[in-house]
Amino acid sequence: MHTELLGVSEALERLLSHFKPLPAEKISLSDAMWRVLAEDVIAPHPLPPFDNSSMDGYAARARDLVGASSESPIELNVIDDISAGMVVEKPLRELSAMRIMTGALLPPGADCVVPVEKTHNPNALVNQELETIIKVFEEVREGDYIRRAGNDVLNGYQVLDKGHRLWPPDVGMLAALGVSTPLVHGRPKVALLSTGDELLDVSQSLQPGLIRDSNAYSLAAAVESAYAIPLRLGIAPDESESIEEKMEDAVSSGADLIVSSAGVSMGAYDFVRSVIEKRGVLEFWRINLRPGKPLLFGYFDEVPVLGLPGNPVSALVTFEIFVRRVLDKLSGVSNTKKLSIHALLDHEIKSDGRESYLRARVEWVEGNYRANLVGSQDSGALSSLVLANALIIIPEGVQSLARESVVEAWLLDR
Ligand code: AMP
Ligand code: MG
């Protein structure tokens, strides 16, 4: 049978066109880390909300302090004491000041703050009584040491965009703006299924001919690293009925996506494709990719299925290229494209013309990223992926790249 292999970018484009973000829900801000916003966030008030002091010192009037110097200090009467959270309504009059702490609302009439360091007693604030008179040794101009309302965020400013994944500063911003229940997209549920007569669970002891199911664990970990929820369906032996039953379990568990590994090649016992053809639609199969050529995409009943190859490296590399992008899109991320960098090759690389994602270590050396392949590039050799910190991408059609060539690389998230 002759099958034209699909290019990686065409496969990716076709794949992503089948998915849209999961429905939005309002959740507690405490649970919002890593969720993706389903609406733009517009500041309902300025930040800071009011003019306040940026220093511990004395609220004052700049016009009283013109000409202040160490030779001719200016004396101010301290008439009140304002701690953070207090509201003082009494106005400042000529040659008066109020002690004020960082973050406290300025009193009426004050137009600057004199930091305590610029007065005769720089330690005056450390657990001490209010001084009645201070001497100011330096001029302070209008507006100095005041954080104006809206200085950080103007009222009505769009602080965060729909499609953005929240991380700590964003969560802080939402809290500052009083957004206690942000509208975010749901987290994708991914049913994971390993296929193969040779597979044992991690807790079982080795027997001749059998290996442990590492994909179930590495793929569940990868799903978690994409902030999605793995549903572990376990192992199906290489029989159509068993694979079908597990996929039925996936459907009834409400999975948004089924990810299987193995059983999608040209082997005599590779049944994933025939199950998909029987119970759903085969959208595409086999990609011009190394590692990962046998990748399959289709539907089982109404649920999308990505059939990853069984080799442990192929499974994880195709996860990075395809599954992570799908999970980002389901999660509502507006730009799912991976960040890449450019690196210089430390040595020549031969390729076979397929788009290749090779395991490498990339290091920053004197102003450049430099890449070295690590370990064996055999798609079963998990140890080289353990050593790698990057995948370097050799484009389709390229047979060899000389030392010092520039390559695109993905730094793998640790
Ligand atoms: P297959 O895609 O079924 O031809 O499998 C390709 C290779 O991956 C074979 O050497 C399998 O033993 C191995 N393999 C398949 N599934 C797993 C798994 N879940 N964990 C580790 N290795 C696997
Ligand atoms: Mg197999």
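Residues numbered from 1 in each chain as written. Chains lettered and ligands numbered in written order. Predicted model: local features only at pLDDT ≥ 70, side-chain atom pairs only at ≥ 80, totals over all residues. Heavy atoms only, no water.

(A) Representation of the domain arrangement of the protein within the structure. The domain architecture assigned to the protein consists of domain 1 (8-22 + 187-331), domain 2 (24-48 + 151-185), domain 3 (52-147) and domain 4 (341-411). Domain 2 and domain 4 are separated by 39 Å when their C-alpha centres are compared. (Domains from an automatic or database assignment.)

(B) Molecular detail of the sheet that holds strand β8 (residues 133-136). On the basis of which strands lie adjacent, the open sheet formed by five strands has the order β7-β4-β6-β5-β8 and mixed pairing. A single partner strand is all that each edge strand has here, and the edge strands are β7 (112-115) and β8. Across the sheet, the mean angle from the axis of one strand to that of its neighbour is 40°, orientation sign disregarded. Of the strand pairs in this sheet, strand β4 (residues 57-60) and β7 are connected by four bridges, and their pairing is antiparallel. Bridge pairing links Y58 to V114 in β7. (Pairing = 2+ DSSP bridges. Helix = DSSP H or I, 4+ residues; strand = E, 2+ residues; numbered from the N terminus. Axes fitted to C-alpha atoms, helices over the stretch in contact; angles between N-to-C directions.)

(C) Region of the structure containing the sheet that holds strand β20 (residues 303-308). Read from one edge to the other, the open sheet built from six strands follows the order β15-β12-β16-β20-β19-β17, with strand pairing classed as mixed. Each edge of the open sheet carries a strand with a single partner, namely β15 (229-236) and β17 (280-285). When strand polarity is set aside, the average angle formed by the axes of neighbouring strands in this sheet is 20°. Packing of helix α1 (residues 8-16) onto the sheet brings it into contact with β17, β19 (296-300) and β20, and relative to β17 it is tilted by some 155°. Each of β12 (189-195), β15, β16 (257-261), β19 and β20 touches helix α4 (residues 240-252); the most contacted strand, β15, lies at about 160° to it. (Contact = heavy atoms within 4.5 Å.)

(D) Representation of the site of ligand 1 in the model. Around ligand 1, 17 residues are found, and the nearest of them are E198, D213, S214, G263 and G310. D213 places a side-chain nitrogen or oxygen 2.7 Å from a nitrogen atom of ligand 1. Here an oxygen atom of ligand 1 and a backbone polar atom of G310 are 3.2 Å apart. Relative to its unbound accessible area of 490 Å², ligand 1 is 77% covered by the protein chains. For the shell around ligand 1, the secondary structure elements donating two or more residues are β12, β14 (211-212) and α3 (214-225). Split into classes, the residues belonging to the shell around ligand 1 amount to four nonpolar, nine polar and four charged. (Near = heavy atom within 4 Å. Polar contact = N/O pair within 3.5 Å; in protein donor to acceptor, adjacent residues only side chain to side chain. Areas by Shrake-Rupley, 256 points an atom, 1.4 Å probe, with all protein chains shown as cover. Nonpolar A, V, L, I, M, F, W, Y, C, P; charged D, E, K, R; others polar.)

(E) Focus on the packing of aromatic side chains. Scanning all chains against the criterion turns up six aromatic pairs. For the pair F19 and F297, a centre-to-centre distance of 6.0 Å together with 45° between the ring planes defines the contact as tilted. Of the two residues, F19 is situated in the loop between α1 and β1 (24-26) and F297 in strand β19; the sequence distance between them amounts to 278 residues. Here the two residues F19 and F297 agree in accessibility, since each one is buried. Taking the centre distance of 4.6 Å and the plane angle of 20° together, the rings of W34 and Y227 count as stacked. (Phe/Tyr/Trp six-rings, centres within 6.5 Å; stacked < 30°, edge-to-face > 60°. Buried < 20%, exposed > 50% of the residue type's maximum accessible area, 1.4 Å probe, protein only.)

(F) Local environment of the pairing of strand β5 (residues 74-82). Two elements, β5 and β8, share four bridges in a ladder whose sense is antiparallel. For I74, the partnering residue across the bridge sits in β8 and is V136. Inspection of the sheet shows β5 paired to strand β6 (residues 96-100) by five bridges, in the parallel sense. Bridged to D80 within β6 is M98.

(G) Representation of unusual backbone geometry within the structure. The linkage connecting L47 with the following residue, P48, adopts the cis geometry, with an omega of -15°. Structurally, P48 is set in the loop between β2 (41-42) and β3 (52-53). Residue R290 is joined to P291 through a cis peptide bond whose omega torsion reads -10°. On the secondary structure map, P291 appears in the loop between β18 (289-290) and β19.

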